[in-house]
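Reading the structure
Each chain, written out:
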Amino acid sequence: MQPPDLRLPIERLRQQFFRMDYSGEPDAPELAEIKLLTVPGPSGPLKARLYVPLGAGIPPGPGILFFHGGGFVLGDLESHDMICRRMAEGSRCRVLAIDYRLAPETCFPCAHDDALAAWHWISHHGEEIGIDRRRIAVAGDSAGGNLAAFICQQMNRERGPMPAFQLLLYPLLQFADIRSKKMSPQESGFFISVGLFEFFRGHYLPDPETFMDPRISPLFAPPEELRNLPPAHIIVCGWDPLHDEGLAYAAKLRAMGIQASEKEYPSMVHGFLNLTHISATARTAAREVGKVTGEALGAI
């Protein structure tokens, strides 16, 4: 994929972001139901999409609340549709994907406020869409992994209902240090680049005073906000400057007594789960992360 032209209007970049043709995926999963709906947000309804796999069983059953990546600027329900389909199939859980607000139209903490509103809604009204409120995982890739980690820590701050599990896919866990992240020639294009990171940070975090805020940089949260978090599974990639912070977060969780596992895909790039149309590894991995989550929630 060619590197994005960051001089283009935001809407053009969004149109280019992971718009893949899945017709060439012979093993694309067949689901029982895919339904569009809305959930209440802090400034109006949030679009959402519910994925019900054939193996979901009689409701209410376990569910996954999913947040897409894209640096808080790009991404939507369409860009991550196949990840959700394969995750639902692999986990045998209902998956609810959320279309949160993006920058620069809305800046920090709007995406985090939307994610929190979606969590509070599903944790109190999950049965309305067939999800057992006691068995919900939060999940996300890249920036979406940031939102999933944030929700778990925020429930410690609020003493609110805690997710049962967290699935963090090559998560973006801090926005404090970008330029010093090690980049190689392979780490370029839509997947990663210094310029793209700064593009995202400049749009979502225009105020440098927010860079160390634990809501946007959960890697740096104080120890008391890491206590009693749910078990975690973290995916990292060999060709990804976020590799080390994913492993560091897993280590911090384990140091606090939290069950945390990680799996590395050494030959994969950041965002590889969006490449199911060309990568058998990506197709297998999407089902595998679903299976790990389904097992943690008792669906398998």
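Every residue gets a number counted from 1 within its own chain, in the order that chain's sequence is written. Given that the model is predicted, a residue must reach a pLDDT of at least 70 before its local features are reported, and side-chain atom pairs must reach 80 or more before they are shown or counted; all residues, however, enter totals for whole chains, interfaces and linings. The side-chain quantities take in all heavy atoms of the structure and omit both hydrogens and water.

Turning next to the side chain of Gln 154. Every helix listed is a DSSP run of H or I at least four residues long, and every strand listed is a run of E at least two residues long, numbered separately from the N terminus. Tracing the backbone through its elements, the reader meets Gln 154 in helix 4 (residues 143-158). Relative accessibility thresholds used throughout: buried, under 20% of the residue-type maximum; exposed, over 50%; partly exposed, between the two (1.4 Å probe, protein chains only). On the basis of relative accessibility, which here comes to 12%, the residue Gln 154 falls in the buried class. Two residues form a contact once any of their heavy atoms are found within 4.5 Å. Residues in contact with Gln 154, not counting those within four places in the same chain, are Leu 116 and Arg 215.

The next thing to look at is helix 4. Every helix has an expected span of 1.5 Å times one less than the residues it contains. Between its terminal C-alpha atoms helix 4 stretches 22 Å, which fits the 22 Å expected from 16 residues at 1.5 Å a residue. Where burial is concerned, most of helix 4 is hidden: 13 out of the 16 residues are buried.

What follows is about the pairing of strand 2 (residues 46-53). Every other side chain in a regular strand lies on the same face of the sheet, so the side chains alternate between the two faces. Most of strand 2 sits out of view: seven of its eight residues are buried. Bridge analysis of strand 1 (residues 31-39) against strand 2 gives eight bridges, and the strand direction is antiparallel. Looking across to strand 2, one finds that Thr 38 is bridged to Lys 47. Counting the residues between successive antiparallel strands, the hairpin from strand 1 to strand 2 contains six residues, one of them, Gly 44, with a positive phi of roughly 135 degrees. By definition, two strands form a pair when at least two bridges between them are found by DSSP.

As a further point, take the nonpolar core. Nonpolar side chains in soluble globular proteins generally cluster together in the buried interior. With 66 residues, the main nonpolar core has Val 39, Leu 65, Phe 67, Phe 72, Leu 96, Ile 98 and Tyr 249 as its most contacted residues. Looking at this core, the element that brings in the most residues is helix 4, giving eight residues. With near-sequence residues (within four places) excluded, Phe 67 lies in contact with Ile 98, Tyr 100, Ala 115, Ala 118, Ala 139, Gly 140, Asp 141, Gly 144, Leu 147, Ala 148 and Ile 151. Counting 32 residues, the second largest nonpolar core, distinct from the first, contains Phe 165, Leu 167, Cys 237 and Met 268. Buried Ala, Val, Leu, Ile, Met, Phe, Trp, Tyr and Cys residues form a nonpolar core when they are joined through side-chain atoms within 4.5 Å.

Looking now at the packing of aromatic side chains. A pair of Phe, Tyr and Trp rings is counted when the ring centres sit within 6.5 Å of each other, with Trp represented by its six-membered ring. The angle between the planes then sorts it: under 30 degrees is stacked, over 60 is edge-to-face, the rest tilted. Tallied over the full model, the rule gives six aromatic pairs. Ring centres of Tyr 170 and Phe 272 lie 5.9 Å apart, and the angle between their planes is 50 degrees; on these two criteria the pair is classed as tilted. Note that Tyr 170 is positioned in the loop between strand 6 (165-169) and helix 5 (194-204) and Phe 272 in the loop between strand 8 (260-269) and helix 7 (280-297), a separation of 102 residues in sequence. The residues Tyr 170 and Phe 272 share a single accessibility class, namely buried. Of the aromatic side chains, those joined through ring pairs into one cluster are Phe 72, Phe 108, Phe 175 and Tyr 204.

To continue, consider helix 5. Three or more residues of helix 5 are buried, namely Val 194, Leu 196, Phe 197, Phe 199, Phe 200, Arg 201 and Tyr 204. Close packing links the buried residues of helix 5 with helix 1 (10-16) and helix 3 (110-125).

In this analysis, the protein atoms alone were mapped onto a 1 Å grid. Cavities are point sets where a 1.4 Å probe fits without being able to get out; pockets are open sets with protein on both sides within 12 Å along at least five of seven lines; lining residues have an atom within 4 Å of a point. Grid points are joined across faces, edges and corners, and a volume is the space filled by probe spheres set on the points. The tally for this structure, following the rule as stated, stands at two cavities of 30 Å³ or more. Its volume calculated, the second largest cavity comes out at about 40 Å³. Along the walls of the second largest cavity sit Phe 66, His 68, Asp 76, Leu 77, His 80, Cys 84, Ala 97 and Ile 98, which together make up its complete lining. Within the lining of the second largest cavity, the residues separate by chemical class into five nonpolar, two polar and one charged. Gly falls in the polar group here, along with every residue not listed as nonpolar (Ala, Val, Leu, Ile, Met, Phe, Trp, Tyr, Cys, Pro) or charged (Asp, Glu, Lys, Arg).

With that out of the way, let us pick up the pairing of strand 5 (residues 131-141). Of all 11 residues that make up strand 5, eight are buried, and the element is covered over most of its length. Sheet topology note: the strand 3 (residues 61-67)/strand 5 ladder contains six bridges and is parallel. Across the sheet, the residue bridging to Ile 64 is Ala 137, located in strand 5. Here strand 5 runs beside strand 6; their pairing, made up of five bridges, is parallel. Each residue of the ladder has a partner; that of Val 138, found in strand 6, is Gln 166. Between the parallel elements strand 5 and strand 6, the chain passes through helix 4 in a crossover that is right-handed. Crossover handedness is defined here as right-handed if the route from the first strand over the helix to the second strand goes clockwise, with the strands pointing away from the viewer.

The quantities given are spatial measurements derived from coordinates; they are silent on function.
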